[in-house]
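Observations on the model geometry
Now for the letters of each chain:
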Amino acid sequence: MIRKHFLQMFIQKDKYLVVDLPQGQTKFHYIWLRDHCRCKQCYDHLTIQRLVNSPEIPLEISPHHVSASEDGLSVNVVWPDEHQSKYDLKFLANNSYWPPLNPESGAKIHSGNGKLDKVPWNVEFLKENLPQVEYSKVMDTSTDDGIAEWCLKIWKYGFCFVNNTPVDPESTKKLIERIAFIRPTHYGGFWDFTSDLSTHDNAYSDVAIPLHIDNTYFTDPAGLQLFHLLKHTGEGGITTLCDSLHAANILKQQNPEYYEILSKIPVPAHSAGEENVFIQPSHAKPIINHDNEGNVIQVRWNTSDRSVMNGLSFKNPETEVPLFYAAIKKWNDIIESKDNEFFHQLKPGQCLIFDNWRVFHSRRTSFTGERRMCGAYINHDDYVSRVKLLNLSRDDLLETL
Ligand SMILES: C[N+](C)(C)CCCC[C@H](N)C(=O)O
Ligand SMILES: O=C(O)CCC(=O)C(=O)O
């Protein structure tokens, strides 16, 4: 039972409320409390949107009255305009900030208490743990088990094969759309391509393309990319994959200064092969990108589509230029090492889908003969939404908004 008298008298002159919670003491600014009122007038629990207009809250607002609820599970506040707000202790503990009493609460929910922990891999790991699902199971719409398993494997390992896919574009498109709508780009929506240079990009040729992610020229690179090799009458064109999460851990451990410069230097990129296309990201971003907590969330690696690097990239050229090139050489040694670069010959009937923010792909060798590939992109945020809603509780997730 939470102690009933968990409330100290609020301190009017200092504009904040002191709350003694089981996890410890913390404080909330009155304006924060008013802004986070969850009553039906202030918050739409159907659309999950705030109704109170934050900028209209008086900056000097302070409560008319504060009390603990009878059951000791919430704080009741009456504001000068007689508006009443009620704050569950769990809400206050999970969203405390001064100091934060339960800072991991959101991360725990979003990771499903570990169910959605990512699993960095190398080639050795894949020998016994190759992520794959059956087409028929994913396409069984009588249950979400198959699609949930597929999305979870993509999330954990950054890629997954789909076996026994009918060898046609229509079945492949239906498969992709089990996750989310296709993201159209200047290459079209669902693509079915071959080495005819119908689009002025090396993907539409027969040359080897080293490990990379696609779309470094987009501010927001596609989250997922799926390939289905429909036909190949010649030799070569083998695919390789590498987990950049694992590679980044190695670089950080072996060469922290290389890791740092690849996390700092903005690298420009473009897609400009077509007469009517001139695409660049809103601003150049580093190769290794982190979230606000310092976790690697996106590795923008593509040597083909990288633009000229000049004074916009190098602010201290004397040291940064040689360091940058030494770092990408080491980086490439890591990702192309036999421990980390996974070789796999795609074949008709087996689709490959991968997290384009994390897992590098390649057409490691050039090829001969007729080769036909189809596939599509899916937005990162639509993919993450699908993974979480298929594998976690929506009610739990809504508590973190
Ligand atoms: C659409 N399709 C996948 C066929 C080709 C994509 C073009 C690849 C581009 N150079 C990039 O790395 O983003
Ligand atoms: O043709 C392939 O095997 C892959 C081509 C590629 O890397 C791409 O389209 O991004």
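Here the residue index of a chain counts from 1 through its sequence in written order. Each chain gets a letter, beginning with A, and each ligand a number, beginning with 1, in the order they are written. With pLDDT at 70 or above as the cut-off, local features in this predicted model cover only qualifying residues; side-chain atom pairs require 80 or more to be listed or tallied, and sums for whole chains, interfaces and linings still use all residues. Working from all heavy atoms in the structure, the side-chain values ignore hydrogens and water.

The chain goes by Trimethyllysine dioxygenase in an unreviewed UniProt entry, where it is assigned to Komagataella phaffii. For the record of the chain, the UniProt heading Catalytic activity (unreviewed entry) holds the text "N(6),N(6),N(6)-trimethyl-L-lysine + 2-oxoglutarate + O2 = (3S)-3-hydroxy-N(6),N(6),N(6)-trimethyl-L-lysine + succinate + CO2". UniProt positions are given in the numbering used here, feature names are shortened, and annotations may be inferred rather than shown by experiment.

**Observations concerning the overall build of the chain**
Helix and strand definitions follow DSSP, with helices as H or I runs of at least four residues and strands as E runs of at least two, each counted in order from the N terminus. Counting its secondary structure elements, the chain contains 12 helices and 19 strands. By principal-axis analysis of the C-alpha atoms, the chain measures approximately 80 × 60 × 45 Å. Among the 401 residues that make up the chain, the fraction classed as buried is 49%. Contacts: residue pairs with any heavy atoms within 4.5 Å of one another. Restricting to contacts in the chain with at least 6 residues of sequence separation, those with at least 24 account for 73%. Here the chain has roughly 19600 Å² of accessible surface; of this, 52% comes from carbon and sulfur atoms. His is not counted, nor are the chain ends, whereas Lys and Arg count as positive and Asp and Glu as negative. The atom standing in for a charge is NZ when the residue is Lys, CZ when it is Arg, CG when it is Asp and CD when it is Glu. Where the 41 positive side-chain charges of the chain centre and where its 51 negative ones centre are 3 Å apart. Only protein chains enter the accessibility calculation, which uses a 1.4 Å probe; a residue whose area is less than 20% of its type maximum is buried, one above 50% is exposed, and one in between is partly exposed. Where accessible areas are quoted, they stem from the Shrake-Rupley method and a 1.4 Å probe; at the residue level, only the protein chains shown are allowed to cover.

**Details of the sheet that holds strand E13 (residues 239-243)**
Two modes of strand pairing occur in sheets, parallel and antiparallel, and in both the strands are linked by backbone hydrogen bonds. Criterion used throughout: strands pair if DSSP finds at least two bridges between them. A sheet is described by the order of its strands in space; here four strands give the open sequence E11-E18-E13-E16, paired in antiparallel fashion. Of all strands in the sheet, those bounded by a partner on one side alone are strand E11 (209-212) and strand E16 (342-344). Neighbour-to-neighbour, the strand axes of the sheet open up by a mean angle of 20 degrees, direction not taken into account. With axes taken as lines fitted to C-alpha atoms, and helix axes fitted only over the stretch in contact, angles between N-to-C directions fall between 0 and 180 degrees. Strand contacts of helix H8 (residues 244-254): E13 and strand E18 (359-363), with the helix running at about 55 degrees to E13, the strand carrying the most contacts.

**Remarks on the site of ligand 1**
For this purpose, a residue is taken to be near a molecule or strand whenever a single non-hydrogen atom of the residue falls within 4 Å of it. Near ligand 1 there are 15 residues, and of these Asp201, Asn215, Tyr217, Asn302 and Asp305 occur at the shortest range. N or O atoms within 3.5 Å of each other form a polar contact, as long as, within protein, one can give a hydrogen and the other can take it, and as long as residues adjacent in sequence are counted only when both atoms are side-chain atoms. Taking Asp201, its side chain carries an N or O atom lying 2.8 Å from a nitrogen atom of ligand 1. Between a nitrogen atom of ligand 1 and a side-chain N or O atom of Asp305, the distance comes to 2.9 Å. Protein chains shield 97% of the accessible area of ligand 1, which is 380 Å² for the free molecule. When residues are grouped by polarity, Ala, Val, Leu, Ile, Met, Phe, Trp, Tyr, Cys and Pro land in nonpolar, Asp, Glu, Lys and Arg in charged, and all others, Gly among them, in polar. Looking at the shell around ligand 1 residue by residue, the class counts come to eight nonpolar, four polar and three charged.

**Description of the packing of helix H6 (residues 145-157) against helix H11 (residues 380-391)**
Geometry of a packed helix pair, given as the angle between the helix axes and the separation of the axes. Close contact between H6 and H11 brings their axes to 9 Å; oriented N to C, the two are set at 125 degrees. On the basis of their axis angle, the class for H6 and H11 is oblique. The crossing of H6 and H11 is left-handed. Seen from H6, the contacting residues are Ile147, Ala148, Cys151, Leu152, Ile154 and Trp155; seen from H11, they are Tyr383, Val384, Arg386, Val387, Leu390 and Asn391. When its residues are assigned to classes, the contact of H6 with H11 shows 10 nonpolar, one polar and one charged. Here roughly perpendicular refers to angles of 65 to 115 degrees, roughly parallel to angles under 35, roughly antiparallel to angles over 145, and oblique to all remaining angles. We call a crossing left-handed when the near helix sits turned anticlockwise from the far one by less than a right angle, and right-handed when that turn is clockwise.

**Section: helix H7 (residues 169-177)**
Along H7, the positions that sit buried rather than exposed are Pro169, Ser171, Thr172, Leu175 and Ile176. All buried residues of H7 lie within an arc of 165 degrees about the axis, which places them on one face of the element. Put simply, Asp168 is the residue that caps the front of H7, since its side-chain oxygen is 3.1 Å from the backbone nitrogen of Glu170. By arc we mean the arc of the directions from the helix axis to the C-beta atoms, nothing more.

**Observations regarding the pairing of E13**
On a regular strand, each side chain points to the face opposite its neighbour's, so the side chains alternate between the two faces of the sheet. Among the five residues of E13, five are classified as buried, and the element is accordingly described as predominantly covered. Residue alternation in E13 divides its side chains into two sets, Thr239, Leu241 and Asp243 and Thr240 and Cys242, and both sets are buried. Direction of pairing for E13 relative to E16: antiparallel, over a ladder of three bridges. The partner of Thr240 across the bridge, within E16, is Phe343. Here E13 pairs with E18 via five bridges, running antiparallel. When the bridges of E18 are listed, Thr240 appears paired with Ser362.

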